[in-house]
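One letter stands for each residue in the lines below.
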Amino acid sequence: MRGGVPTKCHGPEGGRPMKRVIEGSHAVAEAVRLAKVQVISAYPITPQTHIVEILSEYCANGTMNARFLRVESEHSALAALIGAQSCGVRTFTATASQGLALMHELLHWTSGARLPIVMAEVNRALAPGWNIWTDQTDSLAQRDTGWIQMYCEDGQEVLDSVLQAYRLAELVYLPVMVVLDAFYLSHTYEPVDVPTEEEVDRFLPPYQPRFQVDTENPCAFGQLVPPGAYMKMRHNIATAMDEALRCLNEIQEEFHAIFQRRYDAVEAICCDDAEIILVTSGTITSTCRLVLKSLRERGEKAGILKMKLFRPFPVALVRKATSRAKKIAVIDRNFSFGASGIFAQELRAALCNVPDHPPVFGYITGIGGLDVTVELLEEIYWKTKNTTFPEQESIWMGI
Amino acid sequence: MNELANTIPLLVPHSSQSTESNKTGSWRFLRPLFDEKTSPCSAACPAGEDIARIEMLTAQGLFKEAWETILRENPFPSVCGRICPHPCEGVCNRREYDEAVAVHTVERFLAETASRYDLKPNVEKLTAKKQKVAVVGGGPAGLSAAYFLILLGYSCDVFEAMQEPGGILRWGIPLYRLPLSALRNDIAQIEARGVQIRTGQQVGREFPREAASRYDAVFLGCGHSRTVEIGITGEEMSAVVDGLTFLKQIRQGKITSLRGLSAIIGGGNTAIDVARSIVRLGGKALILYRRRRSDMPAFAAEVQMALEEGVELRELVAPVKISAENRQCVLTLQEMKVSNEDSRGRATVLPNEGKFREILVDRVFKATGAQPAETWFNPSGKEGTALTMTNALLVYPGTGPVLVFGGDLVNETKSVAHAVLSGKQAAMALDTFFQGSIEAILPRLHACLAGQGPALSMEIYMGGPRRFRNPHILSYGELNTDYFQFQPRITQPRLLREERLRSFEEIDLKISTNLAIREADRCFNCGICNQCDNCYMFCPDMAVIREKEGHERCINYDYCKGCGLCVVECPRNAMALREEDL
């Protein structure tokens, strides 16, 4: 892997090239390479480091024609990219946990400045106590910063999502965070179809900014604006977020035409006749797929609603997928103190104006990287089935 | 889809109006300014060299400019780079960080570089004046006086008794400390400025009167060439030799070998020079000193090297009698004891009653201090108005030429740097006198001090940019040392001890260009701007302007908010923050 990209091996039938077994972090890096990113800046933090480690090698050995900016903090990394992206180039950064928290101020700036920066965010618990394992609170705590957020289930989805993220970001001029679970995804080796440059070029055209710093026509960005203009700018961002949902759908069509894979904002699995729908995100979805298979074999009318897109929140798709369900169980690997699991909050908010909507059960589990097993998910299913109405907002499982 | 996307509203605040319309300078109530201050080294240099600037130029590779900066204040860089006791290094702020900058090493390097490339200095000279000055004595004081008088526009003749100029530098300093080529380089530069040196011209006590028709002033810089008598029995014996005469005879080539044991009486630099010369001539040297080693007026480094070379030192002994025995001398020594110490830690000694000892030596050298060779060199008892300055004495008889006594005749500290100071002071005094009055001299000299002195600056006198320098002497605590890194002082390459003893070869070897640059780069450049551009980098309003011509920095007060970042981040305190007059 190190020191360059191996030549592609073709399968015996001479069709699509064989998949490569790579870890999730490297799936991100391969996508960044294929997207022909021009400026990368990042500060190392476990479990993100593998991503920029290999990218720095690509920049150093000429595999990528990109500038890698070493900086002293995540705050500076994003600040550097804000400058670079303003000059009209495609950029990338990656971080996790405390690093994302340190970027907070500039996350707002990025979306406010309408800069289509793409970031890989590896979900890691926030300290203290020090914990490097997966937990979604870091990224979900940034839900109001104006970044589009995509959550990934496996290595292939990681690679594809990064490519789609650039396409989407550069259409709606909003930044995108591609989120992946620490270790379960970032450090796990899986077979991944790494597309060719030609294929990617067909999907992702070069970035042609609608505005940029231009020394021929000097101007300043981001200066003082009066309240009326500011409100209009904010409304523009809200409109762009709405457009993002529509664009993502169209992007899937284009992507499917080239790669025969698609990832919708939500994936409703067996929801058509499901009485109980388990709402999942990240790698828990994969485990849940096994549970679903087993439950269905036993005649249980279960379903899964996989949440890929968190921002913009796909309200209509969620309402549609849950319209026939009797109960909804949201599994949150995160917690908003004093409230509840964050996905559960969003689900409740999406459904509250739907008459006679199903009750929403909130389950908190997997915090700080705790294993979410088949048994635990099945227990959640039975607990939901055997309870008429949620007795409390959040039920902590596995504690 | 791309076309669709282009319709997504994208309101991005941007302005093509320059921020220059926002004159943030109107917010200011504190005003930063470039305020260059005085480095401690430059104030301590008797020759008044602008050391911080010399080091800066050297570090920038501007060797000619650095050399010219020396020449504005001192015509003897080759000599001073070798034998000056460098008081500058003793007050270097860098001592409090790691070690002092080797200023003298860099000075010698610059002089050698100028000589190697046969550089012609561009040193400012004022318009010609009608007055003429005669200089008696072609030593460092006389040559300095003549050099500076020439720069000030006067014509000058130097009368030198010996066949070659240089005085004590030519005849009194051994070659291993000051090679002839080094001295000749400096003298050649002085002559190239227009100084006429007439060698073999012994002048008598009638000279000032005789000179009246041809000269408007006479500078007397004849030095101390006669050794002071000890005043003991047997001093008149032929085996008792005057140390200065001995050194002169070596330099004249009259002595090439000296066997046996020689005793040297004295503790000054002459005693050390005599002793170290003796070991090079094949003899053994024993220095007899009435106080302790730590009390010796000789430079400590010279004493140390003498001992390394095999010179022996006996402390706390005073000779009381010399007598002949066979073909040798018996030297009777009175043992001394320390009775007290003065405020500077120097011992006061008393005879240790009844304790004597005798030693047998082949000869005895006297090196107990020197005095003027002729009584008329003495300034006391001259008729007329006398003006006593720190390093020169001016006598205006009313008619006839003005007399100025300088160099060792008046200097308390007898070093080459002080001789330069004396010659410079005399030149300034004469110019002020010729162009103004005797009363104007002292205030004018005071205005030309670097810091509080002793440094006296000819550049300031001649109206050069150094006159804008704030006289405040920068202390270590006033520097922002965050911007400096530890770097050991250069190790002076030297001849091995064994090589030293074989000849009069110069002990200190040349250093390479990169070592010289590295050493000069160690200098903090206390108080002066070396164009590091910290101010420029830190200014949030881009109000620091770097002028392409002259590499100056200035502040655009239309935009400077007076935040003071530039002042705080200046590593070398070349800036100041003042309250605005509101």
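Residues numbered from 1 in each chain as written. Chains lettered and ligands numbered in written order. Predicted model: local features only at pLDDT ≥ 70, side-chain atom pairs only at ≥ 80, totals over all residues.

Trainee: Help me understand the overall build of chain B, please; the structure alone is not making it clear to me.
Mentor: Along the backbone of chain B there are 21 helices and 22 strands. For chain B, the C-alpha atoms occupy an extent of roughly 120 × 60 × 45 Å along the three principal directions. Counting only residues that meet the buried cut, chain B has 46% of its 582 residues in that class. Put simply, of all contacts in chain B between residues at least 6 apart along the chain, 73% involve residues at least 24 apart. (Helix = DSSP H or I, 4+ residues; strand = E, 2+ residues; numbered from the N terminus. Buried ≥ 20, exposed ≤ 12 C-beta atoms within 10 Å, placed from the backbone. Contact = placed C-beta atoms within 7 Å.)

Trainee: I tried to follow the overall build of chain A on my own but got confused; where do I start?
Mentor: Scanning chain A for helices and strands turns up 13 helices and 16 strands. The C-alpha atoms of chain A give 21 Å as radius of gyration, which agrees with the globular expectation for 399 residues (21 Å, within 12%). Considering only C-alpha atoms, chain A reaches an extent of 65 × 65 × 45 Å along its principal axes. Here chain A, with 399 residues, has 51% of them falling under the buried criterion. Put simply, of all contacts in chain A between residues at least 6 apart along the chain, 80% involve residues at least 24 apart. (Rg over C-alpha atoms; globule rule 2.2 N^0.38 Å.)

Trainee: Help me out: how do you make sense of the domain arrangement of chain B in this one?
Mentor: The extent of an interface is frequently quoted as the accessible surface area lost upon association of the parts. All names here are of chain B. Considered domain by domain, chain B is made up of domain 1 (21–36 + 529–579), domain 2 (48–121 + 481–519), domain 3 (132–223 + 373–447) and domain 4 (229–371). Put simply, the middle of domain 3 and the middle of domain 4, counted by C-alpha atoms, are 32 Å apart. Considered class by class, the residues forming the side of domain 3 that touches domain 4 number 3 nonpolar, 1 polar and 1 charged. (Domains from an automatic or database assignment. Nonpolar A, V, L, I, M, F, W, Y, C, P; charged D, E, K, R; others polar.)

Trainee: Just to check I follow, could you spell out the sheet that holds strand S15 (residues 360–364) of chain A for this structure?
Mentor: Strand-to-strand pairing in sheets goes through backbone hydrogen bonds, with the strands running parallel or antiparallel. All names here are of chain A. Pairing is mixed across the open sheet formed by 6 strands, whose spatial order is S10-S12-S11-S14-S15-S16. In the strand order of this sheet, the two ends are held by strand S10 (266–269) and strand S16 (395–396), each with one partner. Pairing of S15 with S16 involves 2 bridges; the strand directions are parallel. By the bridge assignment for S16, Ile364 is matched with Trp396. Sheet contacts for helix H10 (residues 284–297): S10, strand S11 (276–280), strand S12 (302–307) and strand S14 (327–332); angle to S12, the most-contacted strand, approximately 165 degrees. (Pairing = 2+ DSSP bridges. Axes fitted to C-alpha atoms, helices over the stretch in contact; angles between N-to-C directions.)

Trainee: Can you help me understand the domain arrangement of chain A in this one?
Mentor: Residues and elements named next belong to chain A. Taken as a whole, chain A is organised into domain 1 (20–259) and domain 2 (266–396). Contacts between the two partners involve 26 residues from domain 1, matched on the other side by 20 residues from domain 2. Sorting the residues of the side of domain 1 that touches domain 2 by element identifies helix H6 (137–140), strand S6 (148–151) and helix H9 (227–259) as the ones contributing at least two each. When residues of the side of domain 1 that touches domain 2 are assigned to their parent elements, the largest contribution, 5 residues, is made by H9. Of the residues that constitute the side of domain 1 that touches domain 2, the class distribution is 14 nonpolar, 6 polar and 6 charged.

Trainee: Is there a simple way to think about the packing of helix H3 (residues 74–86) of chain A against helix H5 (residues 104–112) of chain A in this case?
Mentor: Describing two packed helices takes the angle between their axes plus the distance from one axis to the other. Residues and elements named next belong to chain A. The N-to-C vectors of H3 and H5 enclose an angle of 15 degrees; their axes lie 9 Å apart at closest approach. The angle between H3 and H5 places the two elements in the roughly parallel class. Viewed along their axes, H3 and H5 form a crossing whose handedness is left-handed. Taken together, the residues of H5 that come into contact with H3 (itself represented by His75, Leu78, Ala79 and Ile82) are Leu106, Trp109 and Thr110. Across the contact of H3 with H5, the residue classes break down as 5 nonpolar, 2 polar and no charged. (Parallel < 35°, antiparallel > 145°, perpendicular 65-115°, else oblique. Left-handed = near helix turned anticlockwise from the far one by under 90°.)

Trainee: Would you mind going over the packing of H10 of chain A against helix H13 (residues 374–385) of chain A with me for this structure?
Mentor: All names here are of chain A. At a minimum axis separation of 9 Å, H10 and H13 run at an interaxial angle of 60 degrees. By the angle class used here, H10 and H13 are oblique. Regarding H10 and H13, the two cross each other, and that crossing is right-handed. Note on element contacts: H13 touches H10 through Val374, Leu377, Glu378 and Tyr381, opposite Thr287, Cys288, Leu290, Val291 and Leu295. Looking at side-chain class alone, the contact of H10 with H13 contains 7 nonpolar, 1 polar and 1 charged residues.

Trainee: Sorry, what's going on with the sheet that holds strand S12 (residues 317–325) of chain B here?
Mentor: Residue and element names in this part refer to chain B. Taken in spatial order, the 3 strands make up an open sheet running S12-S13-S14, and their pairing is antiparallel. Only two strands of the sheet have a single partner each, and these edge strands are S12 and strand S14 (347–361). Between one strand axis and the next, the sheet turns through 15 degrees on average, direction left out of account.

Trainee: I would appreciate a short explanation of the interface of chain A and chain B in the present structure.
Mentor: With 22 residues of chain A at the interface, the matching set in chain B holds 13 residues. Here the side of chain A that touches chain B takes 8 residues from H9 of chain A, the largest share from any one element. The residue inventory of the side of chain A that touches chain B, partitioned by class, reads 13 nonpolar, 4 polar and 5 charged. In the sheet, strand S9 (residues 220–221) of chain A pairs with strand S1 (residues 14–15) of chain B via 2 bridges, with the strands oriented antiparallel. For Phe221 of chain A, the partnering residue across the bridge sits in S1 of chain B and is His14 of chain B.

Trainee: Sorry, what's going on with helix H7 (residues 155–172) of chain A here?
Mentor: Count 3.6 residues to each turn of an α-helix, and residues three or four apart come out pointing the same way. All names here are of chain A. With 18 residues, H7 should cover 26 Å at 1.5 Å per step; its first-to-last C-alpha distance of 26 Å lies within 8% of that length. In terms of burial, H7 is a largely internal element, 18 of the 18 residues being buried. Once H7 ends, the next one or two residues include Tyr173, with phi positive near 55 degrees. (Expected span 1.5 Å × (residues − 1).)

Trainee: Please clarify how the nonpolar core should be interpreted in this entry.
Mentor: Considering soluble globular proteins, one finds that nonpolar side chains tend to be buried as a cluster. Core analysis: the biggest nonpolar cluster contains 160 residues, and Leu149, Ile264 and Val404 of chain B have the highest contact counts within it. Examining the composition of this core, we find that 11 residues originate from one element, helix H15 (residues 416–435) of chain B, more than from any other. By size, the runner-up hydrophobic cluster in this structure holds 125 residues, among which are Val178, Val194, Val279 and Phe335 of chain A. (Core = buried A, V, L, I, M, F, W, Y, C linked by C-beta atoms within 7 Å.)

Trainee: Hey, could you run me through the environment of Asn352 of chain B in this one?
Mentor: Residues and elements named next belong to chain B. Among the structural elements, Asn352 can be located in strand S14. A residue is classified by how many C-beta atoms lie within 10 Å of it, and Asn352, with 15 of them, is partly exposed. If we skip the residues at most four places from it in the chain, Asn352 touches Glu335, Met336 and Lys337.

Trainee: Would you mind going over the confidence of the model for chain B with me for this structure?
Mentor: In low-pLDDT segments, the atomic positions of the prediction should not be examined closely. Across chain B, the average pLDDT comes to 92, with 98% of residues at 70 or higher. The ipTM value of the predicted complex is 0.81, and its pTM value is 0.73. (pLDDT = per-residue confidence, 0-100.)

Trainee: Looking at this structure, how should I read unusual backbone geometry?
Mentor: A negative phi angle is the norm for most residues apart from glycine, just as the trans form is the norm for most peptide bonds. All names here are of chain A. Across the junction of Thr46 and Pro47, the peptide omega takes the value 5 degrees, indicating a cis bond. Note that the residue after Arg311, namely Pro312, is joined by a cis bond; omega there is -10 degrees. Topologically, Pro312 is positioned in the loop between strand S13 (309–311) and helix H11 (315–321). With a phi angle near 55 degrees, Tyr173 is a residue other than glycine that sits in the positive phi range. Looking at the element boundaries, Tyr173 is found in the loop between H7 and strand S7 (176–181). For Cys270, which is not glycine, the phi dihedral falls at a positive 55 degrees.

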